[in-house]
Amino acid sequence: MATKKYSDKAQEKVGKVMKEFKEGKLKSGSGDKVTSRKQAIAIGISEAKEEGLKVPKQKKSK
């Protein structure tokens, strides 16, 4: 099974967002502080997509 492949720039973007999260500076769209690690990763991926970086499609659940 092949692993999902993110571009290097997309990985950097998620890394920057995770650093913000760890410092307690990451805010959600509504302005609330992000407390969930999964939510922080999702924000990083969506920001990478907005910039047009290579991000694999989300796996569909059955």
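Structure: see above.
Residues numbered from 1 in each chain as written. Predicted model: local features only at pLDDT ≥ 70, side-chain atom pairs only at ≥ 80, totals over all residues. Heavy atoms only, no water.

Q: I'd love a proper account of helix 2 (residues 37-50), names of residues and values included.
A: Taking 1.5 Å per residue as the helical rise, helix 2 with its 14 residues ought to reach 20 Å, and the 20 Å between its terminal C-alpha atoms agrees with that figure. Of the positions making up helix 2, those classed as buried are Ala 40, Ile 43, Gly 44 and Ala 48. One side of helix 2 carries all its buried residues, which in axial view fall inside an arc of 135 degrees. Turned more than 90 degrees away from the buried face of helix 2 sit Lys 38 and Glu 50, all of them exposed. At its buried positions, helix 2 is contacted by helix 1 (8-23). One side-chain oxygen at the N-terminal end of helix 2 lies 3.3 Å from the backbone nitrogen of Lys 38; it belongs to Ser 36. Just beyond helix 2, the residue with positive phi is Gly 52, at close to 80 degrees. (Helix = DSSP H or I, 4+ residues; strand = E, 2+ residues; numbered from the N terminus. Expected span 1.5 Å × (residues − 1). Buried < 20%, exposed > 50% of the residue type's maximum accessible area, 1.4 Å probe, protein only. Arc of directions from axis to C-beta. Contact = heavy atoms within 4.5 Å. Polar contact = N/O pair within 3.5 Å; in protein donor to acceptor, adjacent residues only side chain to side chain.)

Q: Describe the nonpolar core, and please don't skip the residues or the numbers.
A: Soluble globular proteins tend to bury their nonpolar side chains together. In this structure, Val 14, Val 17, Met 18, Phe 21, Leu 26, Val 34, Ala 40 and Ile 43 together form the largest nonpolar core, which totals eight residues. For this core, the secondary-structure elements that each account for two or more residues are helix 1 and helix 2. The leading source of residues in this core is helix 1, at four residues. Contact partners of Met 18, with chain neighbours within four places excluded, come to Arg 37, Ala 40 and Ile 41. (Core = buried A, V, L, I, M, F, W, Y, C linked by side-chain atoms within 4.5 Å.)

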